[in-house]
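Now for the letters of each chain:
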Amino acid sequence: MYEGKNIILGITGGIAAYKSADLVSRLKKRGADVFCVMTDAAQEFITPLTLRTISNNPVFIKMFTEKCLTNVEHIGLADRADLFIIAPATANIIGKINCGIADDLLTTTIMATKAPVLFALAMNVNMYLNPIVQENIENLKRKGYYFVEPEEGILACGYEGKGRLANPEVILDRAEELLIKVKPLNGRKVLVTAGPTCEPLDPVRYITNHSTGKMGFAIARQALLLGADVTLVSGPTNQGTSKGIKLIRIQTALQMRDAVIEEFAECDIVVKAAAVADYRPKYTANDKIKKQPGDLSIELERNPDILFELGKKKVNQVLVGFAAETKDVLKYAAEKVKAKNLDYIVANDITQPGAGFGGETNIVTLIFADGKTKALPQMSKEETAREIIIEAIKLLHFKE
Ligand code: C5P
């Protein structure tokens with residue numbers, strides 16, 4: 001994954017700066033080309049000579065210098081980067097970036113880059129827990145910056161607590177995920193369905209289910225983060241979407257079908273996370289149905305099985321279904337993979353605590369067309385979504 005990638009390693013002035021030499025060496029072993037940018041304070045802890053020797057590249061410190069790779073150094077570095085890692089990242093750099101301060105080569109370069117930026121935090125535990133630092137971290141996360149949290153342990157300042165720079169392999173694994181995120185779905189179209197459908201009985205009432213759309217919206221977001229051009233067809237939900245996602249709002253299964261069929265031919269990956277109603281009222285009254293003495297029966301008719309139709313139309317698309325069940329989950333799910341001609345299905349037992357409708361987490365098993373399965377542990381819906389999309393990407397490459 002690191003092969004041929006340009007990594008800019010920003011080093012700021014904390015005692016953990018000495019560990020950056022090890023990071024450079026590990027990045028190089030994984031095949032990356034590493035360019036170090038140091039703050040003035042970082043040089044108090046480790047010399048540019050050490051980093052230049054290990055990275056086998058010039059080390060960048062000053063904004064204004066004669067020895068440049070390009071005319072405007074910070075823009076050159078910013079553009080060259082596939083990924084920025086700031087390790088160690090002090091409270092100071094976090095504060096500056098959050099406030100938009102660009103007063104040295106490292107801050108200007110971070111500000112100018114479009115590459116993902118990963119901060120590996122290291123500082124005194126009390127600094128780390130300071131609400132100002134925490135707020136800066138939260139703000140930056142919301143703005144799309146990434147973080148590796150510090151580890152617990154004995155700190156150089158003599159304190160014990162959360163503040164040590166994370167293990168280098170943890171930093172590199174996180175960085176690798178971001179590199180995967182950079183482009184694998186660039187130029188690809190991903191279609192996701194989410195939420196329930198609402199099948200009207202009359203202008204006032206409808207038949208629906210408990211789906212909140214959380215899982216489907218998370219999948220759409222992850223596909224967007226991985227570079228895809230994302231269309232999300234959703235039934236009524238309270239979820240908000242990122243601005244890059246094309247959102248088509250529908251009410252009924254029939255409307256969902258029309259929207260999905262229209263998009264399908266152009267798509268590379270289709271994930272049908274929506275809880276589509278299998279039946280709709282056969283007749284929708286124009287006026288509110290008035291109560292009468294005695295019982296009322298509602299005649300229902302079958303909705304089209306959208307996924308089944310897509311399975312028949314499928315050419316090269318990776319087609320992913322969802323199976324929410326209350327019993328014999330894996331058996332039913334495996335049957336659906338075959339019946340609907342899916343590449344895989346995401347099966348979840350909605351009776352399990354931590355899985356299913358509405359909650360923040362999910363526990364799912366992926367069942368593939370060749371019968372292989374992959375059980376994922378309980379994870380946030382966002383993490384589950386990432387796994388789901390990454391498996392789809394693997395299958396997409398396999399088909400080419
Ligand atoms: O057969 P079942 O409804 O359990 O299958 C669930 C999967 O099929 C989900 O991916 C759901 O989005 C999709 N589905 C559909 N059209 C329907 C019913 C379900 O696309 N009418």
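Everything that follows concerns the structure shown earlier in this document.
Residues numbered from 1 in each chain as written. Predicted model: local features only at pLDDT ≥ 70, side-chain atom pairs only at ≥ 80, totals over all residues. Heavy atoms only, no water.

Caption draft 1: Focus on the site of the ligand. What surrounds the ligand is the set Lys272, Ala274, Val276, Asp278, Pro304, Asp305, Ile306, Leu307, Gly321, Phe322, Lys336 and Lys340. Note that an oxygen atom of the ligand is positioned 2.9 Å from one of the backbone N or O atoms of Leu307. Lys336 places a polar side-chain atom, nitrogen or oxygen, 2.4 Å from an oxygen atom of the ligand. Considering the ligand on its own, with 450 Å² of exposed area, one finds that the protein chains cover 87% of that surface. With respect to the pocket detection grid, the ligand is positioned in the largest pocket. Listing elements by their share of the shell around the ligand, those giving two or more residues are α11 (306–313) and β17 (318–325). (Near = heavy atom within 4 Å. Polar contact = N/O pair within 3.5 Å; in protein donor to acceptor, adjacent residues only side chain to side chain. Areas by Shrake-Rupley, 256 points an atom, 1.4 Å probe, with all protein chains shown as cover. 1 Å grid on protein atoms, 1.4 Å probe; cavity = no way out; pocket = protein on both sides within 12 Å on 5 of 7 lines; lining within 4 Å. Sits in = over half its atoms within 2 Å of the grid points. Helix = DSSP H or I, 4+ residues; strand = E, 2+ residues; numbered from the N terminus.)

Caption draft 2: Expanded view of the side chain of Glu199. Within the secondary structure, Glu199 is located in strand β10 (residues 199–200). Within the structure, Glu199 has its side chain in polar contact with the backbone nitrogen of Ala253 (distance 3.0 Å). A polar contact of 3.5 Å, which involves the side chain of Glu199, links it to the side chain of Asn303. Not counting the four nearest positions on each side in its chain, Glu199 is found in contact with Tyr206, Ile207, Thr252, Ala253, Ala277, Tyr279, Arg280, Pro281 and Asn303. (Contact = heavy atoms within 4.5 Å.)

Caption draft 3: Structural view of the packing of aromatic side chains. Enumeration over the complete set of coordinates arrives at three aromatic pairs. On the basis of an interplanar angle of 40 degrees and a centroid distance of 6.0 Å, the ring pair of Phe119 and Tyr145 is categorised as tilted. With a gap of 26 residues between them, Phe119 in strand β5 (residues 117–121) and Tyr145 in the loop between α7 (131–142) and β6 (146–148) connect regions that are remote in the sequence. The class for Phe119 is buried, based on a relative accessible area of 0%. (Phe/Tyr/Trp six-rings, centres within 6.5 Å; stacked < 30°, edge-to-face > 60°. Buried < 20%, exposed > 50% of the residue type's maximum accessible area, 1.4 Å probe, protein only.)

Caption draft 4: Main features of a nonpolar patch on the surface. A grouping of Tyr279, Ile289, Leu296, Ile298 and Leu300 is seen on the molecular surface, where their side chains present a nonpolar patch of about 460 Å² in accessible area. With respect to the secondary-structure elements, Leu300 resides in strand β16 (residues 300–302). The exposure class assigned to Leu300 is partly exposed, which follows from its relative accessible area of 41%. (Patch = residues over 30% accessible without salt bridge, like charges linked within 9 Å, V, L, I, M, F, W, Y side chains within 5 Å. Salt bridge = Lys/Arg side-chain N within 4 Å of Asp/Glu carboxyl O.)

Caption draft 5: Unusual backbone geometry, seen in detail. Going from Ala87 to Pro88, the amide bond is cis rather than trans, its omega being 0 degrees. In this fold, Pro88 is placed in strand β4 (residues 83–89). In this model, Asn56 sits at a positive phi of 60 degrees, which is unusual for a non-glycine residue. Residue position: Asn56 is located in the loop between α2 (48–55) and β3 (59–60). On the basis of relative accessibility, which here comes to 62%, the residue Asn56 falls in the exposed class.

Caption draft 6: The arrangement of the packing of helix α10 (residues 253–264) against α11 in detail. Close contact between α10 and α11 brings their axes to 10 Å; oriented N to C, the two are set at 20 degrees. As judged from the angle between their axes, α10 and α11 are roughly parallel. Between α10 and α11 lies a crossing whose hand is right-handed. Between α10 and α11, the contacting residues are Ala253, Met256, Arg257, Val260, Ile261 and Phe264 on the first element and Ile306, Glu309, Leu310 and Lys313 on the second. For the contact of α10 with α11, a count of residues per class yields seven nonpolar, no polar and three charged. (Axes fitted to C-alpha atoms, helices over the stretch in contact; angles between N-to-C directions. Parallel < 35°, antiparallel > 145°, perpendicular 65-115°, else oblique. Left-handed = near helix turned anticlockwise from the far one by under 90°. Nonpolar A, V, L, I, M, F, W, Y, C, P; charged D, E, K, R; others polar.)

Caption draft 7: A look at the sheet that holds strand β2 (residues 33–38). Overall, parallel pairing links the six strands, which are arranged β3-β2-β1-β4-β5-β6 in an open sheet. Each of the sheet's edge strands pairs with one partner strand only, and the pair in question is β3 and β6. Pairing geometry for β5 and β6, over three bridges, is parallel. By the bridge assignment for β6, Ala120 is matched with Val148. Contacts from helix α1 (residues 20–29) reach β1 (6–11), β2 and β4 within the one sheet, and its direction differs from that of β1 by about 175 degrees. With respect to the sheet, α2 is in contact with β1, β2 and β3, its orientation differing from that of β2 by roughly 170 degrees. (Pairing = 2+ DSSP bridges.)

Caption draft 8: Summary view of the pattern of salt bridges. Enumeration according to the criterion identifies 30 salt bridges in this entry. A salt bridge links Glu138 to Lys141, with the nearest nitrogen and oxygen atoms 3.8 Å apart. Of this pair, Glu138 and Lys141 both sit in helix α7, three residues apart, roughly one helical turn. Look at Glu138 and you get partly exposed, because its relative accessible area is 36%. The class of Lys141 is partly exposed, set by a relative accessible area of 37%. Note that Glu360 and Lys214 form a salt bridge whose closest N and O atoms lie 3.0 Å from each other. Of this pair, Glu360 sits in the loop between β18 (344–349) and β19 (361–362) while Lys214 sits in helix α9 (residues 214–225); the two residues are 146 residues apart in sequence, bridging distant segments of the chain.

Caption draft 9: Layout of α10. For α10, spanning twelve residues, the distance from its first C-alpha to its last is 16 Å, which sits close to the expected 16 Å at 1.5 Å a residue. Within α10 the residues assigned to the buried category are Ala253, Met256, Ala259, Val260, Glu263 and Phe264. Seen from one end, α10 has its buried residues packed into an arc of 130 degrees, which puts them on one side. (Expected span 1.5 Å × (residues − 1). Arc of directions from axis to C-beta.)

Caption draft 10: The arrangement of the side chain of Asn98 in detail. Within the element layout of this structure, Asn98 appears in helix α4 (residues 91–99). Contact partners of Asn98, with chain neighbours within four places excluded, come to Asn136, Asn139, Leu140 and Lys143.

Caption draft 11: Fine view of the sheet that holds strand β21 (residues 373–375). Read from one edge to the other, the open sheet built from eight strands follows the order β13-β12-β9-β14-β17-β18-β20-β21, with strand pairing classed as mixed. Unpaired on one side and paired on the other, β13 (246–249) and β21 mark the two borders of the sheet. Averaged over all pairs of adjacent strands, the angle between strand axes in this sheet comes to 15 degrees, irrespective of strand direction. Relative to strand β14 (residues 269–272), strand β9 (residues 189–194) runs parallel, the two being bridged by four bridges. Paired with Thr193 across the two strands is Lys272, which belongs to β14. Of the strands in this sheet, β14 and β17 are in contact with α11, which crosses β17 at around 155 degrees.

So, to be careful, I would describe these as geometric facts and stop short of saying anything about function.
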